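# Report on the structure
Okay, here's what each chain looks like letter by letter:
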Amino acid sequence: MAIQQQGVWKYRFTGILRAIGLLMPVSILFAASPLAVDVPLDPDGVQRAVVEVDSYEFIPHHLVVKAGKPVELTFKSLTWVVPHNVIIDDPRSELKIRDEVPARESLTIKFTPTVPGSFAIYCDKKLPFIKSHREKGQEGVLEVR
Ligand SMILES: [Cu+2]
């Protein structure tokens, strides 16, 4: 009797562990989703957003856009001295964007994504003997759906 109960408990316990194991990846997904920003579609059919550029990050750093509709992203520098740039060059994206964002200035890039996927947006500025801005964390995601 006691052994049987122990067996039931053990079964239930492993069941709970399995449930937690299954829920974990889902909860991580939900935890990450507030960081992803859906770029709103304006009445004129253009998906527009402003991204702040700081040392060393893009805010927001995860943008979600729809394929087949034009996108206009304005990168606004918050820095006083440090220049940054904006690069999207993952060959899978079929995008080739590389532009400068001088300190205290804004840059608007326009493109129409056609290939769904998640692609890096990054800054490759680098001083000799120091890590690149990308290596310091200045990298975001352009997610095309
Ligand atoms: Cu930079």
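What comes next concerns the included structure.

What counts, and at which threshold
Residues numbered from 1 in each chain as written. Predicted model: local features only at pLDDT ≥ 70, side-chain atom pairs only at ≥ 80, totals over all residues. Helix = DSSP H or I, 4+ residues; strand = E, 2+ residues; numbered from the N terminus. Buried ≥ 20, exposed ≤ 12 C-beta atoms within 10 Å, placed from the backbone. Contact = placed C-beta atoms within 7 Å. Pairing = 2+ DSSP bridges. Axes fitted to C-alpha atoms, helices over the stretch in contact; angles between N-to-C directions.

This paragraph deals with the overall build of the protein. Looking only at helices and strands, the protein features one helix and 10 strands. Tracing the protein from N to C terminus, the helices and strands come up as α-β-β-β-β-β-β-β-β-β-β. Out of the 145 residues in the protein, the part that is buried amounts to 18%. Partitioning the intrachain contacts of the protein with sequence separation of at least 6 by distance along the chain shows that 59% fall at a separation of at least 24.

This part covers the sheet that holds strand β3 (residues 57-59). Across the sheet, four strands lie side by side as β3-β2-β5-β8; this open sheet has mixed pairing. The two strands at the open ends of the sheet, each matched to only one other strand, are β3 and β8 (106-111). Across the sheet, the mean angle separating the axes of adjacent strands is 25° when strand polarity is ignored. Relative to β8, strand β5 (residues 71-77) is paired through six bridges, and the arrangement is antiparallel. Opposite Thr 74, over in β8, you have Thr 108 as the bridge partner.

A separate point is unusual backbone geometry. Most peptide bonds take the trans form, and the phi angle of most residues other than glycine is negative. Residue Ser 55 is joined to Tyr 56 through a cis peptide bond whose omega torsion reads 5°. Checked against the element boundaries, Tyr 56 lands in the loop between β2 (47-54) and β3. Put simply, Ile 59 and Pro 60 share a cis peptide bond, and its omega is -5°. Looking at the secondary structure, you find Pro 60 in the loop between β3 and β4 (62-65). Even without being a glycine, Arg 104 presents a positive backbone phi close to 70°.

This part is about the environment of Val 65. Among the structural elements, Val 65 can be located in strand β4. Residue class for Val 65 comes out buried when judged on the 22 C-beta atoms lying within 10 Å of it. Taking the C-alpha atoms as reference points, Val 65 and Val 144, 79 residues apart in sequence, are found 5.0 Å from one another. Each residue touching Val 65, except ones within four places of it in the same chain, is listed here: Val 39, Gln 47, Val 71, Pro 113, Leu 142 and Val 144.

Let us look at the pairing of strand β10 (residues 139-144). By the bridge criterion, four bridges tie β4 to β10 in an arrangement that is parallel. Across the sheet, residue Leu 63 finds its bridge partner in β10, namely Leu 142. When strand β9 (residues 117-122) meets β10, the two strands line up antiparallel, connected through six bridges. Bridge pairing links Ser 118 to Glu 143 in β10.

This brings us to the environment of Thr 112. Positionally, Thr 112 belongs in the loop between β8 and β9. The exposure class of Thr 112 is partly exposed, given the 13 C-beta atoms found within 10 Å. Beyond its immediate chain neighbours, meaning those up to four positions away, Thr 112 contacts Gly 68, Lys 69, Pro 70 and Val 71.

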